[in-house]
Amino acid sequence: MDIEQRAEILLCLSPVEVANLKEGISFFRNKSTGKDYILYKNKCHLRACKNMCKHQGGLFIKDIEDLDGRYQQSFTFLLLIHICSHLVLVVEMDENNGLLLLELNPPNPWDSEPRSPEDLTFGEVQVTYLTHACMDLKLGDKRMVFDPWLMGPAFARGWWLLHEPPSDWLERLCQADLVYVSHMHSDHLSYPTLEKLAGKRPDIPIYVGNTERPVFWNLKQSGVKLTNINVVPFGIWQQVDKNLRFMILMDGVHPEMDTCIIVEYKGHKILNTVDCTRPNGGRLPEKVDLMMSDFAGGASGFPMTFNGGKFTEEWKAQFIKTERKKLLNYKARLVKDLQPRIYCPFAGYFVESHPSDKYATLDLARMLKDPTDSKGIIEPPQGTKIYKDSWDFEPYLKVLNAAVEDEIFLHSSWIKEYFTWAGFKDYNLVVRMIETDDDFSPFPGGYDYLVDFLDLSFPKERPRREHPYEEIRSRVDVIRHVVKNGLLWDDLYIGFQTRLQRDPDIYHHLFWNHFQIKLPLTPPNWRSFLMRGEQNGPGIPQVRCPSDHFPPPLLLPRSEEEGNT
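By convention here, each chain's residues receive numbers from 1 onward along its written sequence. This being a predicted model, a pLDDT of at least 70 is required before a residue's local features are given, and a value of 80 or more before pairs of side-chain atoms are given or counted; all residues contribute to the totals for chains, interfaces and linings. Only hydrogens and water are set aside; all other atoms, that is, all heavy atoms of the structure, feed into the side-chain values.

## Some thoughts on the confidence of the model for the protein chain
Phase 1 of the analysis: For every residue, the pLDDT score states the predictor's confidence, bounded by 0 at the bottom and 100 at the top. In this model, the protein chain carries an average pLDDT of 84, and 84% of its residues clear a pLDDT of 70 or more.
Phase 2 of the analysis: Contacts are assigned to residue pairs with any non-hydrogen atoms lying within 4.5 Å of each other. Below a pLDDT of 50 lies the segment residues 351-357, which in the model reaches 17 contacts outside its immediate sequence neighbourhood of four places, other chains included.
Phase 3 of the analysis: For residues 544-565, every residue scores under 50 in pLDDT, and the model assigns this stretch 57 contacts once sequence neighbours within four places are set aside.

What follows is the structure, encoded as structure tokens:
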């Protein structure tokens, strides 16, 4: 009997233990189970593994000759090699800045009911790239489509398709036997695309993983009429017919929202890791026939949306260059370790997509037989339009602009209503929110206010206690659209609709994780808010200092800053 894959908690560290973690290697034991673990800290990055030598089965310990508390260089080197090559564990921060070590069980669910590969005929399995992360798979007499974003923007108005999808994309979607949507980000779950599909085939089978936040959490509010959405457990084969099955796996870093997929046809495996940071906790099947993964990294507004301090244009350009190199090195190591027979990088950033990202079809049987076969990759017909040269902005911008004049924002008490609904508090952070025009200058008549998340108050000035501070400038149409509809802040942050400054320069994981993933599933009840009218109480005070001035810093003690990893 198949067992659903679950994340098992192996070790918990308190917020104090996390704050006291030193750079380098630390040893921990779960006193209730007697199991031992190793944590490695490099600045704000943490990695962990079980303390057991994969070669000899023994425990790593401090060198007996190392009396001053440091580790012998030879031991440190050996241990780092062990951590990098051994199965790493999932590291998660809890809501109180404590730490959890997780292990996915069973670790290799694809090994259940193994099948031997059968011979394929030319043309039997074809993989066609459409746009961004959207792939059209022909698997015998079945068709499967991944992550259809084929029209409209993603992340409010922040991302637009770089490549022109094939002219028959809607027909292709309607002919699919099943659709896989990896996660809720709008460059993968595109409501404009799915609305078009639902108009012709509302009952098309769509499959998603059983994530903590449902992938289609916003379906009802979107108005898209899809009637056959299937939420499947992780790590269990889903049988389509006698030859075809697939399995959805969770991400080890973002199990609450990210997934990846293994498709198997006649024993031949196709692995698509999509946007997962550490798919399946870092353990994946080796020597699959085809592996697909993004080449541009996870979606983030960092560092492009940051200003002030070190965040000069030169610093950001160098950071992006370094990170891109690290990412490519990671992908190269991953391919080297997993040894897929064919590797296909895809799903680049909307404006940074690689020129090879174009409408083309891969014939799996031909490529497996002879990777040099010129017929293995079928180019689009001569004259096919590859790059988009125009976009239909107006319908989407009209929706965003409508939010600016909404009646909600005639009452400044909407601010308290919204952040009370959001439910984030008891955290020492003060945020200044400034509504802006398209150039991130203060919007005439817009709101400029402070939120103190320690007690969820809205002061006129920053409190005199020591506290971290962030200033978030947001384009007024997008922030009001997000607030009105109770949407996640991905539209703001990943969509590049903000400019941020922070002091000290630390990432507040709990704050951003809450507003990007953990907001309530139902939007604020603005109808009730408006019906209360004058009963809403006094308005929210506006910030006294000029809106183009970054207030003087109130720094945290160093120990508290280090606790925010």
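## As for the state of the cysteines
Phase 1 of the analysis: In this description, the term disulfide denotes a pair of cysteine sulfurs within 2.5 Å. Applying the stated rule across the entire model yields 0 disulfides.
Phase 2 of the analysis: In this model Cys 260 remains outside any disulfide bridge; the closest cysteine sulfur is found in Cys 276, 4.3 Å from its own.
Phase 3 of the analysis: Between buried and exposed lies partly exposed: a residue is buried under 20% and exposed over 50% of the maximum accessible area for its type, with that area taken using a 1.4 Å probe on protein chains only. The class of Cys 260 is buried, set by a relative accessible area of 0%.

## Things to note about the pattern of salt bridges
Phase 1 of the analysis: In what follows, salt bridge is the name for a side-chain nitrogen of Lys or Arg lying within 4 Å of a carboxyl oxygen of Asp or Glu. By the definition in use, this model includes 28 salt bridges.
Phase 2 of the analysis: We note a salt bridge from Glu 435 to Arg 480, for which the minimum N-O separation is 2.8 Å. Here the residue Glu 435 occupies a position in strand 21 (residues 430-436), and Arg 480 occupies one in helix 10 (residues 476-485), the gap between them amounting to 45 residues.
Phase 3 of the analysis: Note that Asp 452 and Arg 465 form a salt bridge whose closest N and O atoms lie 2.8 Å from each other. Here Arg 465 lies in the loop between strand 22 (448-452) and strand 23 (469-475) and Asp 452 lies in strand 22, a separation of 13 residues in the sequence.
Phase 4 of the analysis: With a relative accessible area of 3%, Asp 452 lands in the buried category.
Phase 5 of the analysis: Through salt bridges with shared partners, a single network forms among Asp 136, Arg 143, Asp 168 and Arg 172. Counting from the N terminus, the helices are DSSP H or I runs at least four residues long and the strands are E runs at least two residues long.

## With respect to the packing of aromatic side chains
Phase 1 of the analysis: In this analysis, rings of Phe, Tyr and Trp, with Trp reduced to its six-membered ring, are considered paired at centre separations within 6.5 Å, and the interplanar angle assigns stacked below 30 degrees, edge-to-face beyond 60, and tilted for intermediate values. Applying the stated rule across the entire model yields 34 aromatic pairs.
Phase 2 of the analysis: Taken together, a centroid distance of 6.0 Å and an interplanar angle of 70° make the contact between Trp 160 and Tyr 396 edge-to-face. Taken as a pair, Trp 160 in the loop between strand 9 (142-146) and helix 3 (169-175) and Tyr 396 in helix 8 (residues 394-404) lie far apart in primary sequence, 236 residues in all.
Phase 3 of the analysis: Relative accessible area serves as the criterion here: at 13%, Trp 160 is assigned to the buried category.
Phase 4 of the analysis: Here, over-ring charges are defined by two tests on the NZ atom of lysine or the CZ atom of arginine: distance to the ring centre within 6 Å, and angle to the ring normal within 35 degrees. The residue whose ring lies beneath Arg 245 is Trp 237, and the NZ or CZ to ring-centre distance is 4.0 Å.

## Details of unusual backbone geometry
Phase 1 of the analysis: Cis geometry marks the peptide bond from Phe 302 to Pro 303; its omega dihedral reads 0°.
Phase 2 of the analysis: Along the chain, Pro 303 turns up in the loop between strand 17 (290-294) and helix 6 (313-338).
Phase 3 of the analysis: With an omega of 0°, the peptide bond between Asp 503 and Pro 504 qualifies as cis.
Phase 4 of the analysis: By the element assignment, Pro 504 lies in the loop between strand 24 (498-503) and helix 12 (509-518).

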